[in-house]
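Summary of structural features
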Amino acid sequence: MDRLAALEQDPAKREQAYTAAQERILLCSKCHGKDGNSKRDYIPNLAGQNPQYLFDAFEKYVDGQRTDFVMNQAAKLLSINERVNIAYYFSQQKVLPRAEAAPDKALVEQGARRFAIVCVTCHGEKAKGHDGFPRIAGQPQVYLTHALQRYRAKDPSRADSPMLAVAALLNDDDITSLAAYISQLQP
């Protein structure tokens, strides 16, 4: 976190981190896109994501707190400076709206009501995240649905996440409506 804070204070360091990351994101870009906008519905967009959250996720993949075969291997190939640079790089990219079918208006309204009760405290009023909480606005609906289902099922790949307790409160209709609502929010 100190390295990210140092970047925020020094424009020259930010430029160096950005340039260095451009050389190392080749592996990341295969799934998340060179600009952090995933082309696959089941993979999250990293563009515009909170850099602290991205770095923390990297560290959890390195030490095994989060598990995903590809991410665990990829994170371990990178030095701590490279992980900081990549987190910063993706945080600076613009999130591009996805071309998804417009969800049912009633479903979106149901999701908005549930979001206000369950999600707003951590993810913010417009789901843009803050501090260590991710931006979820504009993530692919398929990804959001799958992620919420995994949290609700207490998937061990996300052990120790506060989302395990939150998702335990959700039923299938909640997950469907939340994913519809969150995916259509402007990032």
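Computed from a prediction, not measured in an experiment: that's the story for all the values here.

**Quick look at the environment of Leu 144**
- Here Leu 144 is to be found in helix 9 (residues 141-152).
- Spatially, the C-alpha atom of Leu 144 lies 16 Å from that of Ser 161, the residues being 17 residues apart in sequence.
- Leave out the neighbours within four places in its chain, and Leu 144 touches Ile 136, Gln 139, Ala 179, Ile 182 and Ser 183.

**Describing the UniProt feature "domain: Cytochrome c" (unreviewed entry) in the chain**
- Mapped onto the present numbering, the UniProt feature "domain: Cytochrome c" (unreviewed entry) falls at residues 9-94 and 106-186.
- Secondary structure within residues 9-94 divides into 65% helix and 0% strand; the distance between the first and last C-alpha atoms comes to 21 Å.
- Between the end C-alpha atoms of residues 106-186 the distance is 18 Å, and the span holds 58% helix and 0% strand.

**Re the nonpolar core**
- Counting residues in hydrophobic clusters, the biggest one holds 21 residues, and the most contacted among them are Phe 115, Leu 170, Leu 178 and Ile 182.
- Breaking this core down by element, the ones donating at least two residues are helix 7 (105-118), helix 9, helix 10 (163-167) and helix 11 (172-184).
- No other element matches helix 11, which puts six residues into this core.
- If sequence neighbours within four positions are ignored, Ile 182 has contacts with Phe 115, Ile 136, Ala 137, Gly 138 and Leu 144.
- Counting 19 residues, the second largest nonpolar core, distinct from the first, contains Leu 7, Tyr 61, Ala 87 and Tyr 89.

**A word on the pattern of salt bridges**
- Taken as a whole and judged by the stated rule, the model has six salt bridges.
- Here Glu 82 ties to Arg 24 by a salt bridge, and the two come within 2.8 Å at their closest N and O atoms. Here Arg 24 lies in helix 2 (residues 11-24) and Glu 82 lies in helix 6 (residues 80-91), a separation of 58 residues in the sequence.
- Here Asp 174 ties to Arg 114 by a salt bridge, and the two come within 3.4 Å at their closest N and O atoms. You can see Asp 174 sitting in helix 11 and its partner Arg 114 sitting in helix 7, a full 60 residues away along the chain.
- With relative accessibility at 11%, the residue Asp 174 sits in the buried group.
- On the basis of relative accessibility, which here comes to 19%, the residue Arg 114 falls in the buried class.

Criteria and thresholds
- Residues numbered from 1 in each chain as written.
- Predicted model: local features only at pLDDT ≥ 70, side-chain atom pairs only at ≥ 80, totals over all residues.
- Heavy atoms only, no water.
- Helix = DSSP H or I, 4+ residues; strand = E, 2+ residues; numbered from the N terminus.
- Contact = heavy atoms within 4.5 Å.
- UniProt positions renumbered as here; feature names shortened; annotations may be inferred.
- Core = buried A, V, L, I, M, F, W, Y, C linked by side-chain atoms within 4.5 Å.
- Buried < 20%, exposed > 50% of the residue type's maximum accessible area, 1.4 Å probe, protein only.
- Salt bridge = Lys/Arg side-chain N within 4 Å of Asp/Glu carboxyl O.

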